[in-house]
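Letter by letter, the chains look like this.
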Amino acid sequence: MNLKYNSLRTKFPTFIYEGFSYIRENSTIRITFQFIQSTDIIFNPELIIPFDKNIDIEDLEVIIFNIGMIELISYYKACCSPKIVIKAGYLNEKQLNFWNTIYFNGLGEFLYTNQIETTPDELFNFKIDSDRIFKPLDSKLDDDCIIPVGGGKDSVVTLELLKNESNNIPFILNPRDASIDSVKSAGYKDHIAFQRKLDTKLFELNKEGYLNGHTPFSALLAFISTLAAFLYKKKNIVLSNENSASEGNVQFSGIEVNHQYSKSFEAEKALHDYISEYIHPEINYFSFLRPIYELKIAEFFSKYKDHFSGFRSCNVGSKKNIWCCNCPKCLFTYIILAPFIPKQEMVNIFGEDLLNKKELEGEFIKLLGDTDIKPFECVGTHREIKAALAKTIVNYTGEELPYLLKSFSEKYSSEFEKMLMDYDILIKFYSRENLLNEKFNNILFGKM
């Protein structure tokens, strides 16, 4: 067991969600949350919302409270206090079960990287110290879409496939060049942009050696997108999470750790049901690309050349708006696009041929599933990665294979035909395990 973890839990036995406040400043709504770790460690993260229309901000409190419930996990993880006290509002047993599941599974990677073996009951217990009940909203919403955009290929595909459907609007949390470029290249004239500001005290604690690690960002995005949907009176929150996101990375502490847990279908269904029951019955939270694999998304994306220069999927290079070309996410994106985009265009996008980089061999092996741990990144399944590589090899005619493709070809020669069959299966695959209604099913399935 992590000794630092035990020491911090002893020193800081309680983490408190004290409350939230909000203020209208001209055309901006500023929301501030208060989390208390101790008398000298108090966090006040903010959410800044440009909004110039009339609204009773009190109507937003049920959403704000729940944004705080998912925001708190970023600060809770610094000490992992055994008790979480909720003073900001009341939660019933069913709601607590939801949050318990989202927290524990969403912290799976954090627990693994810090080697903390525990169970949900051991990690924390909730104490509700409020009788303030937030009732669900019931206002009428339009049957249009809020489309969260991150700047990667997946949200580009959703933007393109839905751009001629009703009065849809892209939503960006903390805009960056790639997300703005995606919206513009898809032809959308307007977008919504919110700013999330982390409390810098958290970074100071990280430097001092407090616990740190991955948290379920997509669950946070779900609740912030719900606020955007309500403000702009749009019923559908349309994510771009694919079938591949439900595959985990490693077994640890009795669960399958999944870097993409909050993008998985299990989490999507839980978030959908919670939002419709406790926030607004008309809000429809779902992923448009859930029925298909990354492989099919890559094929769709390859048709949108206007996006080739602007999209980015690299977390390492996100602040500089570059492909770092040294991480598993860059390598995966290169692999999954390679069957559909000519080699020279791929090199133009990334700046080099990643399939010819010997330095990436270690990450390559992990992506193939030849180790016990799948890279902790948003990458596709081992099966579709192998299928993509096999298809790429077929596309190389009369040309020497780059280093990684050659080593793959030699190692998996006996499975090559099976991988090509898998390619044909996966590219046509359409899972019925999804939350798409008839309208959205018809749109996506009609493009297959």
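For the structure, see preceding data.
What counts, and at which threshold
Residues numbered from 1 in each chain as written. Predicted model: local features only at pLDDT ≥ 70, side-chain atom pairs only at ≥ 80, totals over all residues. Heavy atoms only, no water. Helix = DSSP H or I, 4+ residues; strand = E, 2+ residues; numbered from the N terminus. Rg over C-alpha atoms; globule rule 2.2 N^0.38 Å. Buried < 20%, exposed > 50% of the residue type's maximum accessible area, 1.4 Å probe, protein only. Arc of directions from axis to C-beta. Contact = heavy atoms within 4.5 Å. Polar contact = N/O pair within 3.5 Å; in protein donor to acceptor, adjacent residues only side chain to side chain. 1 Å grid on protein atoms, 1.4 Å probe; cavity = no way out; pocket = protein on both sides within 12 Å on 5 of 7 lines; lining within 4 Å. Points joined across faces, edges and corners; volume = space filled by probe spheres on them. Salt bridge = Lys/Arg side-chain N within 4 Å of Asp/Glu carboxyl O. Axes fitted to C-alpha atoms, helices over the stretch in contact; angles between N-to-C directions. Parallel < 35°, antiparallel > 145°, perpendicular 65-115°, else oblique. Left-handed = near helix turned anticlockwise from the far one by under 90°. Nonpolar A, V, L, I, M, F, W, Y, C, P; charged D, E, K, R; others polar. Pairing = 2+ DSSP bridges. Phe/Tyr/Trp six-rings, centres within 6.5 Å; stacked < 30°, edge-to-face > 60°. Lys NZ or Arg CZ within 6 Å of the ring centre and 35° of its normal. Core = buried A, V, L, I, M, F, W, Y, C linked by side-chain atoms within 4.5 Å. Expected span 1.5 Å × (residues − 1).

Novice: Account for the overall build of the protein, with residues named and values stated.
Specialist: For the protein, the count of helices and strands is 18 helices and 13 strands. Rg of the C-alpha trace for the protein: 22 Å, near the compact-globule value of 22 Å for 448 residues, within the 12% margin. For the protein, the spread of C-alpha atoms along the principal axes amounts to about 70 × 55 × 40 Å. Sorting the 448 residues of the protein into buried and exposed places 59% on the buried side.

Novice: If you had to explain helix H18 (residues 438-446) to someone new, which residues and values would you point to?
Specialist: Taken residue by residue, H18 has Phe440, Asn441, Ile443 and Leu444 as its buried positions. Seen end-on, H18 carries its buried residues on one side only, within an arc spanning 165°. In H18, those exposed residues whose orientation departs by more than 90 degrees from the buried face are Glu438, Asn442 and Gly446. Along its buried surface, H18 packs onto strand S7 (142-148), helix H6 (153-162), strand S10 (234-239), strand S13 (284-287) and helix H11 (294-301). The opening residue of H18 is asparagine 437, an N-cap whose side-chain oxygen sits 3.2 Å from the backbone nitrogen of lysine 439.

Novice: Which residues make up the layout of surface pockets, and what values go with them?
Specialist: Approximately 1,900 Å³ is the volume found for the largest pocket. Around the largest pocket, the lining comprises 48 residues; the ones closest to its centre are Arg176, Arg196, Phe217, Asn315 and Ser318. Within the residue set of the lining of the largest pocket, elements represented by two or more residues are H6, strand S8 (169-173), strand S9 (192-197), helix H8 (200-207) and helix H9 (217-231).

Novice: How would you sum up the pattern of salt bridges? Please name residues and give values.
Specialist: All told, the structure shown has 22 salt bridges when counted by the stated rule. Across the pair aspartate 370 and lysine 411 runs a salt bridge, and its minimum N-O distance is 2.9 Å. Here the residue aspartate 370 occupies a position in the loop between helix H14 (361-368) and helix H15 (382-395), and lysine 411 occupies one in helix H16 (residues 403-411), the gap between them amounting to 41 residues. For aspartate 370, a relative accessible area of 30% gives the class partly exposed. Residue lysine 411 is classed as exposed on the basis of its relative accessible area, which comes to 52%.

Novice: Describe the packing of H9 against helix H10 (residues 265-278), with residues and values.
Specialist: Orientation of H9 relative to H10, taken along the N-to-C sense of each, is 30°, at an axis distance of 11 Å. Between H9 and H10, the angle is such that the two are roughly parallel. Here H9 and H10 pass one another in a crossing that is right-handed. Only Leu271, Tyr274 and Ile275 of H10 make contact with H9, whose side of the interface consists of Ala219, Ala222, Phe223 and Thr226. Taken together, the residues of the contact of H9 with H10 sort by class into six nonpolar, one polar and no charged.

Novice: Any details on the pairing of S9? Residues and values, ideally.
Specialist: Side-chain alternation along S9 places Ile192, Phe194 and Arg196 on a buried face and Ala193, Gln195 and Lys197 on a face that remains uncovered. The pairing of strand S4 (residues 46-50) with S9 spans three bridges and is antiparallel. Counted as the bridge partner of isoleucine 48 is glutamine 195 from S9. Of the pairings in the sheet, the one linking S8 to S9 comprises three bridges and is parallel in character.

Novice: Got a sec to walk through the packing of aromatic side chains? Specific residues and values, please.
Specialist: Taken as a whole, this structure holds 36 aromatic pairs when the rule is applied. Ring centres of tyrosine 293 and phenylalanine 429 lie 4.9 Å apart, and the angle between their planes is 50°; on these two criteria the pair is classed as tilted. Placement of the pair is tyrosine 293 in the loop between S13 and H11 and phenylalanine 429 in the loop between helix H17 (416-428) and H18, with a sequence separation of 136 residues. Its guanidinium or amino end placed over the ring of phenylalanine 230, lysine 233 lies 4.1 Å from that ring's centre, counting from NZ or CZ. The positively charged end of lysine 296 is found above the aromatic ring belonging to phenylalanine 300, 5.3 Å away from the centroid.

Novice: Can you explain the nonpolar core? Please cite residues and give values.
Specialist: Core analysis: the largest hydrophobic core is formed by 88 residues, its most contacted members being Tyr17, Met69, Trp99, Tyr103, Phe194, Phe223 and Leu227. Residues within four places of tyrosine 103 in sequence aside, it is in contact with Met69, Ile70, Leu72, Ile73, Ile84, Phe124 and Phe126. With 76 residues, the next largest nonpolar core counts Tyr293, Leu295, Ile393 and Ile427 among its residues.

Novice: So what's going on with H15? Which residues, and what values?
Specialist: Counted at 1.5 Å a residue, the expected span for H15 with its 14 residues is 20 Å, and the 20 Å between its end C-alpha atoms agrees. When H15 is considered as a whole, its buried residues turn out to be Glu384, Ile385, Lys386, Ala387, Ala388, Leu389, Ala390, Thr392 and Ile393.

Novice: Please provide a residue-by-residue account of the side chain of lysine 374, values included.
Specialist: Tracing the chain through its elements places lysine 374 in the loop between H14 and H15. Taking the relative accessible area as the measure of exposure, lysine 374 reaches 3% and is therefore buried. Among the polar contacts made by the side chain of lysine 374, one reaches the side chain of glutamate 247 at a distance of 2.8 Å. Once residues lying within four places of it in the same chain are set aside, the contact partners of lysine 374 are Glu247, Gly248, Asn249, Lys366, Val379, Gly380, Thr381 and His382.

Novice: Can you explain unusual backbone geometry? Please cite residues and give values.
Specialist: A positive phi angle, close to 55°, is found at lysine 233, a residue other than glycine. Its place among the elements puts lysine 233 in the loop between H9 and S10. The phi torsion at asparagine 321 lies on the positive side, around 55°, for a residue other than glycine. Here asparagine 321 is to be found in the loop between H11 and helix H12 (328-337). With a relative accessible area of 16%, asparagine 321 lands in the buried category.

Novice: Outline the side chain of asparagine 258, listing residues and values.
Specialist: Tracing the sequence through the fold places asparagine 258 in the loop between strand S12 (255-257) and H10. Asparagine 258 gets classed as buried once you look at its relative accessible area, which sits at 6%. For asparagine 258, the side chain forms a polar contact with the main-chain oxygen of alanine 245, separated by 2.9 Å. Those residues in contact with asparagine 258, other than ones at most four positions away along the chain, are Ala245, Ser246, Glu247, Gly248, Asn249 and Ser264.

Novice: Outline the packing of H12 against H15, supporting the account with residue identities and numerical values.
Specialist: Following both chains from N to C, one finds H12 and H15 inclined at 55°, their axes separated by 8 Å at the closest point. The angle between the axes of H12 and H15 places the two elements in the oblique class. For H12 against H15, the interelement crossing comes out left-handed. Contacts between H12 and H15 involve Phe332, Ile335 and Ile336 from the first element and Glu384, Ile385, Ala388, Leu389 and Thr392 from the second. Residues of the contact of H12 with H15, tallied by class, amount to six nonpolar, one polar and one charged.

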